[in-house]
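# Structural characterization, general
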There are 2 protein chains.
Amino acid sequence: MVGEFVVRFSYLLPIAEASIEDGALLVRDGRIAWVGRWKDFDGDQEVIDTRPSIGMPTLINTHTHTAMVFLRGLADDLPLFRWLQDYIWPAEGKLVKPELVRKAYKLAIAEMVSGGTGAINDMYFFQEVAAEVIEEIGFRGILAEGLIDFPTPSFSKPKEGIRRVEEQLKLNGRFKFVKFGVALHAPYSCSKELLKKGHALAKDHGVPLHMHVAETLDEVKQITEKYGKRPVEYLNSLGLFDEVHFIAAHSVHLKEHEIQIYEEKGVRVAHDPESNMKLASGVAPIPKMLQRNVTVGLATDGAASNNDLDMFSEMRSAALLHKVVGMDPTLMDARTVVEMATLRGSEVLGMEKYIGSLEVGKSADFIAVSLDRPHLQPIYDPYSHLVYAAKSSDVSWVFIAGKPLKSNGKLTFIEEGEILELGESLKREVMEALRE
Amino acid sequence: MVGEFVVRFSYLLPIAEASIEDGALLVRDGRIAWVGRWKDFDGDQEVIDTRPSIGMPTLINTHTHTAMVFLRGLADDLPLFRWLQDYIWPAEGKLVKPELVRKAYKLAIAEMVSGGTGAINDMYFFQEVAAEVIEEIGFRGILAEGLIDFPTPSFSKPKEGIRRVEEQLKLNGRFKFVKFGVALHAPYSCSKELLKKGHALAKDHGVPLHMHVAETLDEVKQITEKYGKRPVEYLNSLGLFDEVHFIAAHSVHLKEHEIQIYEEKGVRVAHDPESNMKLASGVAPIPKMLQRNVTVGLATDGAASNNDLDMFSEMRSAALLHKVVGMDPTLMDARTVVEMATLRGSEVLGMEKYIGSLEVGKSADFIAVSLDRPHLQPIYDPYSHLVYAAKSSDVSWVFIAGKPLKSNGKLTFIEEGEILELGESLKREVMEALRE
């Protein structure tokens, strides 16, 4: 499966164009060389027949903390502050070291690839380790350490954090699958000085600036009390959205005029429906953002608040949540939601020239979803099935840059036994740390 | 695997009692003969080792229209009335015949068993056909045709419907896995006379009375305008909840005093979070019902409005939806949600003496959920994983009355090829009918 091969699907969804029944893709040197109807294909290349199946671009997770899988389900159903204060922060403080990040990352990429995800926008610590794991597997990520005015596992002072980020940014260009960006943790955890410094770094290096914005009502209250402005107004007054590719995660509590600021400044949004539901943060006004043509992608957030990295589940939750909250069953139709998980996600990451849709010249990043499952029969509309019936476990093939990372249902870069070993090893470390 | 065998799990959740690490179940003649720690088991019976796994009772779907899988995804993202009027009713009117119901039922049971569901409460047409399919497979169902003042595929006048139901009720006792009940479609689609007749039938035969109640705001408006009472008040004024086992599906639009009526009358509720979300019906006040000790189970509704019959997905949606709507992350904790999908579901169906928990003497209806998947590692709390991370595809074993219907990942009662055949055959029939 090197060089050239053609992949055949029952339904091919290029996303940028109409879906094709009995469609096929020609892959040449890791790129898409041809897209069309199978019967119009004329060549003698090796054929991978994935039917009965839906073919589509890989899914793009626009906001996550990948390594946090080590805390998956450690504590749930708690008030946010108790959850962070009593469980998440102590465990992170004691445990997050390069070798743990390496193990957690490998386990998490196994989960994400298995479910059809092909690229992430990540905020966490020891990102140079994450970069090695991603590059070795041939997954894709924009990685940044969240600058913050508190001690963290990878830096104890903001200045050290900035030094680390500057070092990472120097590595850009050396990797095929990784780009280092800049992240600011949140309006309430960064001083004005730090915010401006992070913004300048992202601007000077021409990389995305990634930040948690307006996630909770507590944040809105704190920022309003301290600065007399709501979070988005406050960031805008500091010029944080100017001359930079800004990725705002969450953006739950926005008024209409704040959505307008997003529109005017080209702020891109990473929508995390399940994390916002589980932590009871609120419901982001996504339908209003879409009306204003704000670019919105989907995201899982970290597995500590989800508790998985499953983009199919996010697609479904996004489609269902906004319908019932808006009391309108026409909101967030299936086609729009699939676009958010693919092409619009690539726009959030600034990678739309390479991934997010199946077009000649783009990288061969695509998946096949198997339809020979009772919950996917009969099929009338592939978009409907992807959002309202398919599961991540239906993904049978995953290609990134033309390389199969999942092949006929099996991950190619990890043994099944290793998954359990990684999980058990992470659990042992957590249990020991919590006993101390 | 007949007679006696023991099944071993990493975590065994009997539900009625605390979970057991490295637990086991002894099955004898289709019943549970022993439950405990593996190391305390003393016997030489055949051992089925499902580890790494969670063992738990089968899931119970308390409200569905099973055969509607033939319309899965035919039309979505539409206003309710257009959806029903332009797609669902015409397709049903032309297509729903005994042979279609038989095919659809088999496909749907394959889906449900594959995802760990072991019993349903069903409202649809030609239920004597459904009974044959269920009995042959050894699945479980309470079946009823929804009495209604409109022509339906299986009866054209309410009187005929009542005659059909009376015939079906006479069959009770002949089946091992099926019980016929009585269903009334909804307050807005049944006359007072029909409501009273249905109630009398259920009461006289000692079977559950199943009904859609207060599903939409439109229904509340219609009933209030016509009778000067809200739906639950209206049904209560007619004595519909008295001296009968009443199963109220949906129950989205209830005021506090109506929840109190449910509590006082012992009305049991089938909660359909995903259907209510997708059709934008509203959010049922489940946390308030639970506070009042109303018995609430979970349900998928039909696959035309979901679009699957996946109880894992419903568990997750129920847990997440009520947290964000109530702005309280402690609502609908994982343990409560798993109980709703199992033991409380069995109480909704009136089958708690036989299924819903793993206790000596109950029927051997249980499942194993495999943990050797990246999205289920590491594991700290099995309840948390079941609700927030597991998928129906993680179910590796399903036993009903001690018989394996899913065995190490494979359905035992249907060939893989038959699933696709059933799906394609149903699709052909639908497409032909819609072209006419």
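Note that the coordinates shown come from a computational prediction; the quantities given were computed from them, not determined experimentally. (Residues numbered from 1 in each chain as written. Chains lettered and ligands numbered in written order. Predicted model: local features only at pLDDT ≥ 70, side-chain atom pairs only at ≥ 80, totals over all residues. Heavy atoms only, no water.)

This next bit is on the overall build of chain A. Each helix and strand counted, chain A has 15 helices and 19 strands in total. Taking 2.2 N^0.38 as the reference for a compact globule, 436 residues should give roughly 22 Å; the C-alpha atoms of chain A span a radius of gyration of 21 Å, in line with that estimate. For chain A, the spread of C-alpha atoms along the three principal axes comes to 65 × 45 × 40 Å. Within chain A, the proportion of its 436 residues that are buried is 65%. Sequence-distant contacts, at least 24 apart, represent 71% of the contacts inside chain A between residues at least 6 apart. When the accessible surface of chain A is split by element, carbon and sulfur atoms take 47% of a total near 15100 Å². A distance of 3 Å separates the average location of the 50 positive side-chain charges in chain A from that of its 63 negative side-chain charges. (Helix = DSSP H or I, 4+ residues; strand = E, 2+ residues; numbered from the N terminus. Rg over C-alpha atoms; globule rule 2.2 N^0.38 Å. Buried < 20%, exposed > 50% of the residue type's maximum accessible area, 1.4 Å probe, protein only. Contact = heavy atoms within 4.5 Å. Areas by Shrake-Rupley, 256 points an atom, 1.4 Å probe, with all protein chains shown as cover. Lys, Arg positive; Asp, Glu negative; His and termini not counted. Charge placed at Lys NZ, Arg CZ, Asp CG, Glu CD.)

Before going further, it helps to spend a moment on the sheet that holds strand E9 (residues 146–147) of chain B. All names here are of chain B. Read across the sheet, six strands follow the order E9-E11-E12-E13-E14-E15 without closing on themselves; strand pairing throughout is parallel. Both outer strands of the open sheet, E9 and strand E15 (296–298), are each paired with one neighbouring strand and no more. In the sheet, strand E11 (residues 182–184) pairs with strand E12 (residues 209–213) via three bridges, with the strands oriented parallel. Note on E12: the bridge partner recorded for Val 182 is Leu 209. (Pairing = 2+ DSSP bridges.)

Residue and element names in this part refer to chain A. When the pLDDT values of chain A are averaged, the result is 96; 100% of them are 70 or greater. Of all secondary-structure elements in chain A, the lowest mean pLDDT belongs to helix H1 (residues 80–95), at 85, while strand E16 (residues 366–370) reaches the highest, 99. Overall fold confidence (pTM) sits at 0.98, and the ipTM for the predicted complex is 0.97. (pLDDT = per-residue confidence, 0-100.)

Residue and element names in this part refer to chain A. When the terminal C-alpha atoms of helix H5 (residues 192–205) are compared, their 20 Å separation across 14 residues agrees well with the 20 Å that a helix rising 1.5 Å per residue should span. Buried residues of H5: Leu 194, Leu 195, Gly 198, His 199, Leu 201 and Ala 202, and no others. One side of H5 holds all its buried residues, which, seen down the axis, span an arc of 160°. Opposite the buried face of H5, at more than 90 degrees from it, the exposed residues are Glu 193 and Asp 204. In this structure, the buried side of H5 is in contact with strand E9 (146–147), helix H4 (158–171), strand E11 (182–184), strand E12 (209–213) and helix H7 (231–237). Once H5 finishes, Gly 206 follows within two positions and takes phi at roughly 65°, a positive value. (Expected span 1.5 Å × (residues − 1). Arc of directions from axis to C-beta.)

Attention now goes to the environment of A:Ser317. Residues and elements named next belong to chain A. You can see Ser 317 is positioned in helix H11 (residues 311–326). Ser 317 sits 70 residues away from Val 387 along the chain, and the two C-alpha atoms are 8.8 Å apart. Leave out the neighbours within four places in its chain, and Ser 317 touches Pro 273 and Glu 274.

Once that is clear, we can look at the domain arrangement of chain A. Residues and elements named next belong to chain A. Assigned domains of chain A: these are domain 1 (4–57 + 362–411) and domain 2 (60–349). Just the C-alpha atoms count here: the centres of domain 1 and domain 2 sit 29 Å apart. With 26 residues of domain 1 in contact, the opposing surface of domain 2 contributes 28 residues. At the boundary of domain 1 with domain 2, total buried surface from both sides reaches about 2200 Å², with 66% on carbon and sulfur atoms. Inspection of the region where domain 1 meets domain 2 yields one salt bridge. The salt bridge partner of Arg 140 is Asp 365, with a shortest N-O separation of 2.6 Å. Summed over the shared surface of domain 1 and domain 2, the result is nine residue pairs in polar contact (both at pLDDT 80 or more). Elements represented by at least two residues in the side of domain 1 that touches domain 2 include exactly strand E5 (53–57), E16, helix H14 (382–388), strand E17 (395–400) and strand E18 (403–407). (Domains from an automatic or database assignment. Buried area = accessible area lost by both parts, 1.4 Å probe. Salt bridge = Lys/Arg side-chain N within 4 Å of Asp/Glu carboxyl O. Polar contact = N/O pair within 3.5 Å; in protein donor to acceptor, adjacent residues only side chain to side chain.)

All names here are of chain B. Taken together, the buried positions of helix H3 (residues 127–137) are occupied by Gln 127, Val 129, Ala 130, Ala 131, Val 133, Ile 134 and Ile 137. Of the surrounding secondary structure, the elements contacted by the buried residues of H3 are helix H2 (98–114), strand E7 (117–123), strand E8 (141–144), helix H4 (158–170), strand E10 (178–180) and strand E18 (403–407). Phi for Gly 138, located one or two positions after H3, is positive at around 85°.

Right, let's talk about the interface of chain A and chain B for a bit. On the chain B side, the residues contacting the 70 residues of chain A number 70 residues. Taken together, both faces of the contact between chain A and chain B bury some 5200 Å²; the carbon and sulfur share is 64%. The interface formed by chain A and chain B holds eight salt bridges in total. Of the charged contacts in the structure, one is a salt bridge between A:Arg316 and B:Glu274, with a shortest N-O distance of 2.4 Å. Put simply, chain A and chain B have 35 residue pairs in polar contact (both at pLDDT 80 or more) between them. Those elements that provide at least two residues to the side of chain A that touches chain B are helix H2 (98–114), helix H9 (273–278), H11, H14 and helix H15 (416–435) of chain A. Ranked by residues supplied to the side of chain A that touches chain B, first place goes to H15(A) with eight residues. In the side of chain A that touches chain B, the residues fall into 36 nonpolar, 16 polar and 18 charged. (Nonpolar A, V, L, I, M, F, W, Y, C, P; charged D, E, K, R; others polar.)

In the structure shown here, the tally under the stated rule is four cavities of 30 Å³ or more. A:Ser313, A:Arg316, A:Lys391, B:Ser313 and B:Lys391 are the residues nearest the centre of the largest cavity, which is lined by 20 residues in total. Every element with two or more residues in the lining of the largest cavity is listed here: H11 of chain A together with helix H11 (311–326) of chain B. Considered class by class, the residues forming the lining of the largest cavity number four nonpolar, six polar and 10 charged. (1 Å grid on protein atoms, 1.4 Å probe; cavity = no way out; pocket = protein on both sides within 12 Å on 5 of 7 lines; lining within 4 Å. Points joined across faces, edges and corners; volume = space filled by probe spheres on them.)

This next bit is on the sheet that holds strand E13 (residues 246–250) of chain A. All names here are of chain A. Across the sheet, which stays open at both edges, the six strands sit in the order E9-E11-E12-E13-E14-E15 with parallel pairing between neighbours. Among the strands making up the open sheet, the edge pair consists of E9 and strand E15 (296–298). Taken together, the five bridges between E12 and E13 define a ladder with parallel strand orientation. When the bridges of E13 are listed, His 212 appears paired with Ala 249.

All names here are of chain B. Remark: H4 packs on helix H5 (residues 192–205), axes separated minimally by 12 Å, with the N-to-C direction vectors making an angle of 5°. What the angle tells us is that H4 and H5 run roughly parallel. Of the residues in H5, those touching H4 at Pro 158, Ile 162, Val 165, Glu 166 and Leu 169 are Leu 194, Lys 197, Leu 201 and His 205. Split into classes, the residues belonging to the contact of H4 with H5 amount to six nonpolar, one polar and two charged. (Axes fitted to C-alpha atoms, helices over the stretch in contact; angles between N-to-C directions. Parallel < 35°, antiparallel > 145°, perpendicular 65-115°, else oblique.)

The two copies are related by a screw operation: chain A maps onto chain B through 180° of rotation and 0.0 Å of translation along the axis, at an RMSD of 0.0 Å. Taken together, these values place the two copies in the relation of a two-fold axis. Minimal C-alpha distance to the rotation axis in chain A is attained by A:Ser393, lying at 3.3 Å. Of the residues that chain A buries at the interface, 100% are likewise interface residues in chain B, meaning the two copies contact each other through the same surface. (Least-squares fit on C-alpha atoms with pLDDT ≥ 70 in both.)

Now for the side chain of A:Lys406. Residues and elements named next belong to chain A. Within the secondary structure layout, Lys 406 lies in strand E18. We note that Lys 406 is buried and unpaired, the nearest opposite charge coming from Asp 394 at a distance of 8.8 Å. Within the structure, the side chain of Lys 406 is placed 2.9 Å from the backbone oxygen of Ser 114, a separation counted as a polar contact. Ignoring anything within four residues of it in the chain, the contact list for Lys 406 reads Val 113, Ser 114, Val 395, Ser 396, Trp 397, Val 398, Leu 411 and Thr 412.

Before going further, it helps to examine unusual backbone geometry. In this chain, A:Arg51 is followed by A:Pro52 through a cis amide linkage whose omega measures -5°. For A:Pro52, the position within the fold is in the loop between strand E4 (46–49) and E5. For the bond from A:Asn306 to A:Asn307, the omega torsion is 10°, close enough to zero to count as cis. Positive phi values are uncommon outside glycine, yet A:Asp301 reaches one of about 65°. As for its position among the elements, A:Asp301 is in the loop between E15 and H11. Of the residues examined, A:Asp301 reaches a relative accessible area of 4% and is grouped as buried. If you check the backbone angles, B:Asn293 has positive phi at about 60° while not being a glycine. You can see B:Asn293 is positioned in the loop between helix H10 (286–291) and E15. Owing to a relative accessible area of 65%, B:Asn293 belongs among the exposed residues under this scheme.

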